[in-house]
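Topology and contacts: notes
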Amino acid sequence: MARETTDILIAGAGIAGLTAAACFAQAGYSVTLAAPGAPKRDRTQGDQRSTAFLDPAIELFSEAGLWDQLAPHAQPLQELHITDTTGWPPQIRDSRAFASEAPGTPPLAQNLMNWRIADVLLNALESLPNVTLHWGAGFASMVTREGEALVRLTDGTGLRARLVIGADGRESAVREAAGIPAEISRFGQKALAFSVTHPEPHRNISTEVYNQGGPFTLIPLPDDDGTPTSAVVWMNPGPEAMRLQALEPEDFSAEATTRSAGLLGPLTLASPRALFPIITLRAKALTAQRTALIAEAAHVIPPIGAQGLNTSLNDLAALLHSASPDRLGSRQHLDAYEKSRAHDVAARVAAIALYNRLTRSGLPPLQSLRLSGLKAVADVPPLRRAVMRAGMGG
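As the structure is a computational prediction, the values presented were derived from the model and not from experiment.

1. Remarks on the overall build of the protein chain
- Scanning the protein chain from N- to C-terminus turns up 11 helices and 20 strands.
- Counting over 394 residues, the protein chain shows a buried share of 54%.
- A fraction of 73% describes how many contacts in the protein chain between residues 6 or more apart in sequence connect residues 24 or more apart.
- Counting only carbon and sulfur atoms, one obtains 54% of the accessible surface of the protein chain, whose full area is about 16300 Å².

Written out as structure tokens, the structure is:
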């Protein structure tokens with residue numbers, strides 16, 4: 001059977017995979033994107049999570065000519081508030097605000113719904129002549145050699161590629177085929193992702209409310225027909241998350257309101273609820289012969305501090321910017337990518353995992369430690385600036 005030829009095969013059609021296809025195609029490479037199915041691109045069936053894009057991600061989208069299409073759907077995030085609560089119903093005992101110290105500076109981030117991002121990216125990919133979208137077939141196997149990778153998809157299609165990018169998630173078939181092991185930690189938590197409306201305006205402030213079980217995070221969205229709207233990520237122990245998932249909408253809205261400490265008034269569920277397990281995962285290597293891992297194929301971190309997808313797009317930027325037409329997929333290219341990302345990935349996975357263990361605890365000593373840490377970070381200017389630089393991708 002004849003093999004199709006492409007510069008790059010991307011396995012996986014999450015936001016990282018879609019963005020990788022668009023960026024490499026805009027850079028002039030021929031790209032084949034393969035996945036078992038096309039992403040859902042509408043409000044009712046698509047990914048109910050949102051992403052607050054930090055400056056490096058926005059720069060990457062702008063470089064690929066994509067930000068102009070995404071920007072109209074974005075909600076600026078001007079400040080991040082951390083609110084510490086105790087008891088039940090939660091009582092606020094302290095709060096700190098993080099914002100740029102320079103007047104007139106751009107927002108900290110721009111927040112978009114993931115289903116909307118997928119729709120914009122798919123529209124862009126469908127218009128690019130050097131992109132082949134291969135739906136209905138996932139990655140099955142590959143044989144690599146010095147100059148290329150020979151790949152087979154689950155529908156029997158054979159491809160010849162200079163570079164295989166594994167963007168196929170935490171159960172990555174590309175990672176397994178490349179023989180790269182991964183370290184996994186499980187926390188016994190799950191996250192609910194959904195949208196709510198509320199009477200109080202969010203004022204472009206993202207708020208993480210800590211109590212126990214993990215943060216309850218309110219992220220600004222554009223108004224829904226004039227009604228203030230926010231995306232929510234709510235982390236809990238697995239059984240509690242499943243109990244909440246099963247509640248009727250009215251009862252769920254009431255519990256979400258209580259957990260939010262009433263910061264935006266009564267919350268009303270405004271979307272389906274999606275449930276995701278919370279783990280950390282780190283691949284022991286980011287590359288193998290003719291193969292690169294990005295996004296959740298390379299690392300998974302809890303949804304805290306807008307680090308997940310932004311870290312994934314930092315992977316993509318490093319892989320893209322270390323490429324050139326003459327060395328794409330070569331050992332020189334992949335070594336440069338590994339060197340640029342390995343330390344940052346390891347540090348972020350470890351830091352967010354530790355932070356999650358601290359913030360989910362209901363034990364009074366650890367809650368006191370959490371409060372002390374919050375005050376130290378917010379009230380000591382050099383430490384506050386360092387944390388904000390890390391959060392903004394610096």
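Next comes the rest of the write-up.
2. Examining helix 4 (residues 114-126)
- A rise of 1.5 Å per residue sets the reference length of helix 4, with its 13 residues, at 18 Å; its end C-alpha atoms lie 18 Å apart and thus fit the reference within 8%.
- In terms of residue burial, helix 4 counts as a mostly covered element, since 10 of its 13 residues are buried.

3. Things to note about the packing of helix 1 (residues 15-26) against helix 4
- Taken N-terminus to C-terminus, the directions of helix 1 and helix 4 make an angle of 25°; their axes are 10 Å apart at the nearest point. Relative to helix 4, the element helix 1 is oriented roughly parallel. You can see that helix 1 and helix 4 cross each other, and the crossing is left-handed. From helix 1, Ile-15, Leu-18, Thr-19, Ala-21 and Ala-22 reach across to helix 4, where they touch Asn-114, Ile-117, Ala-118, Leu-121, Leu-122 and Leu-125.
- Of the residues in the contact of helix 1 with helix 4, the class split is nine nonpolar, two polar and no charged.

4. Topic: the pattern of salt bridges
- Within the structure shown, the criterion is met by 16 salt bridges.
- For the salt bridge of Glu-148 with Arg-160, the shortest nitrogen-to-oxygen distance reads 2.9 Å. Of the two residues, Glu-148 is situated in the loop between strand 9 (139-144) and strand 10 (149-153) and Arg-160 in strand 11 (residues 158-166); the sequence distance between them amounts to 12 residues.
- Classification of Glu-148 as buried rests on a relative accessible area of 15%.
- Among the charged side chains, a salt-bridge network with shared partners connects Asp-315, Arg-341, Asp-344 and Arg-348.

What counts, and where the lines are drawn
- Residues numbered from 1 in each chain as written.
- Predicted model: local features only at pLDDT ≥ 70, side-chain atom pairs only at ≥ 80, totals over all residues.
- Heavy atoms only, no water.
- Helix = DSSP H or I, 4+ residues; strand = E, 2+ residues; numbered from the N terminus.
- Buried < 20%, exposed > 50% of the residue type's maximum accessible area, 1.4 Å probe, protein only.
- Contact = heavy atoms within 4.5 Å.
- Areas by Shrake-Rupley, 256 points an atom, 1.4 Å probe, with all protein chains shown as cover.
- Expected span 1.5 Å × (residues − 1).
- Axes fitted to C-alpha atoms, helices over the stretch in contact; angles between N-to-C directions.
- Parallel < 35°, antiparallel > 145°, perpendicular 65-115°, else oblique.
- Left-handed = near helix turned anticlockwise from the far one by under 90°.
- Nonpolar A, V, L, I, M, F, W, Y, C, P; charged D, E, K, R; others polar.
- Salt bridge = Lys/Arg side-chain N within 4 Å of Asp/Glu carboxyl O.

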